[in-house]
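A structural walkthrough
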Amino acid sequence: MRSLKLWIVLFALTAIAVARAAEPVVLSKVSADTLNKQHLSLPADFHTDRNLLLLYFDLTQQPDVDSWNTVIDAWRAGDSSLTVYTSLVSSQKNFLSRWWQNASMRSAAPDSSRWPTTLPLYLDKRAFDRRLQISSEKQVVLLLLDRKGRVLSRVSGPPNDSSRNAMRGALNAAGSPV
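Residues numbered from 1 in each chain as written. Predicted model: local features only at pLDDT ≥ 70, side-chain atom pairs only at ≥ 80, totals over all residues. Heavy atoms only, no water.

All right, on to the overall build of the protein chain then. Across its full length, the protein chain carries five helices and seven strands. Mapped in sequence order, the helices and strands of the protein chain form the string α-β-β-β-α-β-α-β-α-β-β-α. A total of 178 residues make up the protein chain; the buried ones form 40% of that total. (Helix = DSSP H or I, 4+ residues; strand = E, 2+ residues; numbered from the N terminus. Buried < 20%, exposed > 50% of the residue type's maximum accessible area, 1.4 Å probe, protein only.)

Structure, rendered in structure tokens:
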């Protein structure tokens, strides 16, 4: 009898693990002001089924962000409906610290055309990373999300042939002509 109870408990735990693995990864609601001071709420402000969210976790990752932006700009030339947001993910900070970091980002990114889609996020990083299944903040993360914030694909690190091809394939599968 004891063995039967053990098997039932193991079966129940396995069923729960399988159910959790089948659940989609979804971007939790985040609200913040872009670098041009426009308020956005994601995923509510996603207006297409193909949204790229480029996440970075440290200002030293800016070269990888710039490299991805070059690749993404080429993709957007072939698909103007592709929406792109870039977010520096930081811990919750007081107003003065947020103002200072945002001002630093504006001065470091003199191309103000990217400001409307650059969304600094100040939040509980552990919860955010856990929800999006981000295992490391040592590399940038590029997510493809649908309009409800479901993660359709992800790549990490600087763009290389493998990551570019993987994301391009995911974009094609989502209906993008890139």
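All right, on to helix α2 (residues 62–78) then. Three or four residues apart is the spacing at which side chains of an α-helix point the same way, because the helix has 3.6 residues per turn. Spanning 17 residues, α2 covers 25 Å between terminal C-alpha atoms, matching the ideal 24 Å at 1.5 Å per step. Of the residues making up α2, those classed as buried are Val65, Trp68, Asn69, Val71, Ile72 and Trp75. On the buried face of α2, the contacting elements are β3 (51–56), β4 (83–91), β6 (141–145), β7 (151–156) and α5 (161–173). (Expected span 1.5 Å × (residues − 1). Contact = heavy atoms within 4.5 Å.)

Next up on the list: the nonpolar core. Ranked by size, the top nonpolar core spans 22 residues in total, and within it Leu27, Leu55, Leu121, Phe128, Leu132 and Leu143 carry the most contacts. Going through the elements one at a time, β1 (30–33), β2 (39–42), β3, β4, β5 (121–123) and β6 are the ones with two or more residues in this core. Broken down by element, the residue count for this core peaks at three residues, all from β6. When neighbours within four sequence positions are excluded, Leu132 is seen to be in contact with Val25, Val26, Leu27, Leu55, Leu143, Val151 and Arg154. Within the second largest apolar cluster, 21 residues are counted, among which are Leu54, Val65, Leu171 and Val178. (Core = buried A, V, L, I, M, F, W, Y, C linked by side-chain atoms within 4.5 Å.)

Okay, α5 next. Relative to the 18 Å expected for 13 residues at 1.5 Å per residue, α5 spans 18 Å between its end C-alpha atoms, a close match to the ideal helical length. Its side-chain oxygen at 3.1 Å from the backbone nitrogen of Ser162, Asn160 defines the N-terminal cap of α5. One or two positions beyond α5, positive phi appears at Gly175, with a value near 105°. (Polar contact = N/O pair within 3.5 Å; in protein donor to acceptor, adjacent residues only side chain to side chain.)

On inspection of all chains with the given rule, the structure shows six salt bridges. For the salt bridge of Arg147 with Asp49, the shortest nitrogen-to-oxygen distance reads 3.1 Å. Separated by 98 residues along the polypeptide, Arg147 in the loop between β6 and β7 and Asp49 in the loop between β2 and β3 bring together distant segments of the chain. When the shortest N-O distance is used, the salt bridge between Arg50 and Asp79 registers 3.2 Å. Of the two residues, Arg50 sits in the loop between β2 and β3 while Asp79 sits in the loop between α2 and β4, which places them 29 residues apart along the sequence. Among the residues examined, Asp79 registers a relative accessible area of 5% and is labelled buried. (Salt bridge = Lys/Arg side-chain N within 4 Å of Asp/Glu carboxyl O.)

Ordered by their spatial adjacency, five strands build an open sheet running β5-β4-β3-β6-β7, and the pairing between neighbours is mixed. Strands at the two margins of the open sheet, each flanked by one partner only, are β5 and β7. Each strand axis lies, on average, 25° off the axis of its neighbour in the sheet, ignoring direction. When β3 meets β6, the two strands line up antiparallel, connected through five bridges. Its bridge partner being in β6, Leu52 is matched across the sheet by Leu144. Where α5 meets the sheet, its contacts fall on β3, β6 and β7, and the angle it forms with β7 comes to roughly 170°. (Pairing = 2+ DSSP bridges. Axes fitted to C-alpha atoms, helices over the stretch in contact; angles between N-to-C directions.)

Before going further, it helps to spend a moment on the pairing of β2. Working note: regular strand, side chains alternate between the two faces of the sheet. In this sheet, β2 lies alongside β1 in antiparallel orientation, the contact comprising four bridges. From the neighbouring strand, Val30 faces β2, where its bridge partner is Leu42.

That's the geometry; what it means functionally is another story.
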